[in-house]
Amino acid sequence: MVFHALNYLYKSFSLVWNMDLEVISLVPTDISTELLRYIKKEALSISSFANKSGINSGTLSRFINRQQPLSLSNLDVITRAMNLEEGYFYSLYVNESSPNWRRLGPFIMRCAELGKLDCIVQAIDMMMDNPAYSPLLFDSAEELYHKGNKEAALIIYKKVAEGEKYQHSERLSLCHYRIFTCSLNSDQENNLDCAIQFESYIQRVPEAVQLDALKDLTNTLLSLRKWNKAKTYAQEMGRIARMLYAQKHDQNRSNRKHTQPAKPLFGYILYSDLLLGSIAADNDDYDQAQYYLSRYEDQSWIIETDERAEETKAQFRDWAKGNRLLYQLMKGNTDVLEPYVEYISSRENEILRALFKIIQAAKIHHFEIDTYLERFEGLIREHLHRGGTVGSYPGHLIDDRFANFLTDIGEYYLRRNNILKGIQYILDGLEVSYRINSSANIVRCCTTIEHFRHKFSHSVLQKYAAIMKEVYYRYEKKS
């Protein structure tokens, strides 16, 4: 028993050398103890350290004697004076702080700047018992979110959502919207889980962001090939946008204050039709796709004529021009192939996504596209190695299509008996599919490789085996 007690004391306390008394004493590890240790090791007085750090000597003395807590700014000054990394004492600081917003609010923001995410969790856990802190934490998360610090914001959103899970408030639904957007990544299974979890909150998202929430959810479902669900939410976005647009321009309600979303209301109406056209095209219904194209191309009903509105309208007219050529190509009209390629060539952000469709058309209607694949091979390779966004499309929205695109190219070259190029693209597609956890395309790649196995070299089969070893390992861990 004595041994266990001493062992507990040893782990819970640190040894500090008292230079004045020349004895070793056991004291709790805290900031003041660490500071005293430093002062004694450097043979400094409190006054000399105060001069070195720039802190008032009285303030420093009261802190050391535990008569006054240390402000965050003074803690940062002390840390620098001790030649330690920024935030070195933050874990101790939060433990020594009371659950007081005046101290912990700025502390959370500073931790976010330094990437001290564990300290953010510590601070929030201290405050979650008091419901009054929930809106303050939410506001901090919003500030971090809009600054682009989504990792720190996500921690706070999750904590606030957990604390308010029985409240059914707008803040709760907005938290879940932010959690959804912050949690999306290259893992397709993760993204599907995120979409499923967010669906139950979509109808309760505040009006000001509901259209953006529907847009983000629809795009995610499209990237996951969930056509029916994507269609439902695209239609809902259009319905709500049309209702709000009618209310905005209703002369009888001209004095009513309307909550405005981030973009022009008519833009959501046009975008809804664009998405519905894309869904129809993905399901090979090009007559329906053409119908929706005519809807976002016809802008005669739009009242707004300011510069921003005109730019938005021009963008949709340009998309209509390209999609009209695309739909003809997908129906087998190869005469539009060259005009379509010239159209996309002057729009760098559209090239890759257009190639996704060109390879599909070539696969369906059996025409040659070697010239175009060679022309844009550098762009394809660049995205393969760099990844990331394509124009305004985040990587997670096109990753699955890119994996399938690589596989399509591989199969195209294999059918043309270009074995070396074909297998390289198939292996590239397999590696991307493994990275984004796309089970369907992994199976597709493997099926293709097994079908052509007799034509591949030993080194190719070795590379294939190495990739599959990683795939098997991942799924073994899951099971």
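Residue numbering note: each chain is counted from 1, following its sequence as written. The predicted nature of this model means local features are confined to residues of pLDDT at least 70 and side-chain atom pairs, given and counted, to a pLDDT of 80 or more, with totals for whole chains, interfaces and linings taken over all residues. Side-chain numbers here rest on the full set of heavy atoms in the structure, without hydrogens or water.

1. Topic: the overall build of the protein
- Runs of E in the DSSP output that reach at least two residues are strands. Runs of H or I that reach at least four are helices, and both are numbered from the N terminus. Looking only at helices and strands, one finds 25 helices and two strands in the protein.
- Computation of the radius of gyration draws on C-alpha atoms, with the globule rule given as 2.2 Å multiplied by the number of residues to the power 0.38. The C-alpha atoms of the protein give a radius of gyration of 30 Å, which is well past the 23 Å a tight globule of 479 residues would have.
- Judged by the C-alpha coordinates and their principal axes, the protein covers about 95 × 75 × 45 Å.
- Within the protein, contacts between residues at least 6 apart in sequence are counted, and of these 60% link residues at least 24 apart.
- In summary, the charge assignment counts Lys and Arg as positive and Asp and Glu as negative, without counting His or the chain termini. Every charge is mapped to an atom, namely NZ of Lys, CZ of Arg, CG of Asp or CD of Glu. In the protein, 59 positive and 61 negative side-chain charges are present, and the distance between their average locations comes to 2 Å. Should any heavy atoms of two residues lie within 4.5 Å, those residues are counted as being in contact.

2. Some thoughts on the confidence of the model for the protein
- pLDDT measures the predictor's confidence residue by residue and takes values from 0 up to 100. Here the protein averages 89 in pLDDT, and 91% of its residues register 70 or above.
- Contacts from residues 1–28, a stretch scored under 50 in pLDDT, to residues over four places away or in other chains number 30 contacts.

3. Some details on the environment of L114
- Secondary-structure assignment places L114 in helix α7 (residues 101–114).
- Distance from L114 to E86, taken between C-alpha atoms, is 7.6 Å for residues 28 residues apart in sequence.
- When sequence neighbours within four positions are dropped, the list of residues in contact with L114 reads E86, G87 and Y90.

4. Description of the nonpolar core
- Counting 139 residues, the largest nonpolar core has F107, I120 and I369 as its most contacted members.
- Examining the composition of this core, we find that twelve residues originate from one element, helix α15 (residues 265–282), more than from any other.
- With sequence-adjacent residues up to four places away left out, I369 is seen in contact with L337, I358, I359, A362 and Y412.
- As used here, the term nonpolar core means buried Ala, Val, Leu, Ile, Met, Phe, Trp, Tyr and Cys residues forming a set that is joined through side-chain atoms within 4.5 Å. Burial classes follow relative accessibility: with a 1.4 Å probe on protein chains only, a residue under 20% of its type's maximum area counts as buried, one over 50% as exposed, and anything between as partly exposed. Core analysis: the second largest hydrophobic core is formed by 17 residues, I419, C446, V460 and Y464 among them.

5. A few points about the packing of α7 against helix α8 (residues 117–127)
- Throughout, an axis means a line fitted to C-alpha atoms (over the contacting stretch in the case of helices), and angles, computed between N-to-C directions, take values from 0 to 180 degrees. It is the contact of α7 with α8, at a shortest axis distance of 9 Å, that shows an interaxial angle of 155°. As summarised for this structure, α7 and α8 are arranged roughly antiparallel, according to the angle between their axes. Along this stretch, α7 crosses α8, giving a crossing that reads as left-handed. Where α7 approaches α8, its residues W101, L104, F107, I108, C111 and A112 are matched on the opposing element by C119, I120, A123, I124, M126 and M127.
- For the contact of α7 with α8, a count of residues per class yields twelve nonpolar, no polar and no charged. By the definition adopted for this analysis, an angle is roughly parallel if under 35 degrees, roughly antiparallel if over 145, roughly perpendicular if from 65 to 115, and oblique otherwise. Two helices that cross are described as forming a left-handed crossing if the nearer one is turned anticlockwise from the farther one by less than a right angle, and a right-handed crossing if clockwise. Only Asp, Glu, Lys and Arg are considered charged, only Ala, Val, Leu, Ile, Met, Phe, Trp, Tyr, Cys and Pro nonpolar, and every remaining residue, Gly among them, polar.

6. Quick word on the pattern of salt bridges
- We count a salt bridge whenever a side-chain nitrogen from Lys or Arg sits within 4 Å of a carboxyl oxygen from Asp or Glu. Enumeration according to the criterion identifies 36 salt bridges in this entry.
- K116 is paired through a salt bridge with E85; the nearest N and O atoms lie 3.6 Å apart. You can see K116 sitting in the loop between α7 and α8 and its partner E85 sitting in the loop between α5 (72–81) and α6 (90–96), a full 31 residues away along the chain.
- For K116, a relative accessible area of 21% corresponds to the partly exposed category.
- Here K165 ties to E162 by a salt bridge, and the two come within 3.0 Å at their closest N and O atoms.
- Since its relative accessible area comes to 37%, K165 is described here as partly exposed.

7. Examining the side chain of E199
- Within the secondary structure, E199 sits in helix α12 (residues 188–199).
- At 2.7 Å, the side chain of E199 forms a polar contact with the side chain of Y233.
- Setting aside residues no more than four positions away along its own chain, E199 makes contact with L217, K229 and Y233. Polar contacts, as counted here, are pairs of nitrogen or oxygen atoms within 3.5 Å of one another; within protein the pair requires one atom able to donate a hydrogen and one able to accept it, and residues that are adjacent in sequence qualify only if both atoms are side-chain atoms.

8. What to know about the side chain of D273
- Here D273 shows up in helix α15.
- The class for D273 is buried, based on a relative accessible area of 3%.
- At a separation of 3.2 Å, a polar atom in the side chain of D273 contacts the side chain of R295.
- Contact partners of D273, with chain neighbours within four places excluded, come to R242, Y292, R295 and Y296.

9. Focus: the packing of aromatic side chains
- The aromatic pairing rule takes the rings of Phe, Tyr and Trp, using the six-membered ring of Trp, and pairs them if the centres are within 6.5 Å, calling planes under 30 degrees apart stacked, those over 60 edge-to-face and the rest tilted. Counted by the stated rule, this structure contains 20 aromatic pairs.
- Ring plane angle 45° and centroid distance 5.0 Å describe the contact between F356 and F405, whose orientation is recorded as tilted. Placement of the pair is F356 in helix α19 (residues 348–365) and F405 in helix α22 (residues 395–415), with a sequence separation of 49 residues. Taken individually, F356 and F405 each receive the classification buried, so the pair is uniform in this respect.
- Here the aromatic rings of Y412 and Y413 are separated by 5.6 Å at their centres, their planes lie at 70°, and the arrangement is edge-to-face.
- Taking relative accessible area as the criterion, Y413 reaches 3% and is therefore assigned buried.
- Through pairs of rings, three or more aromatic residues link up here, namely Y90, Y93 and F107.
- A cation sits over an aromatic face here: R178 above Y145, 4.3 Å from the ring centre.
- Over the ring of Y425 we find R381, and its NZ or CZ is 4.7 Å from the ring centre. Only when the NZ of Lys or the CZ of Arg is both within 6 Å of the ring centre and within 35 degrees of the ring normal is a charge said to sit over the ring.

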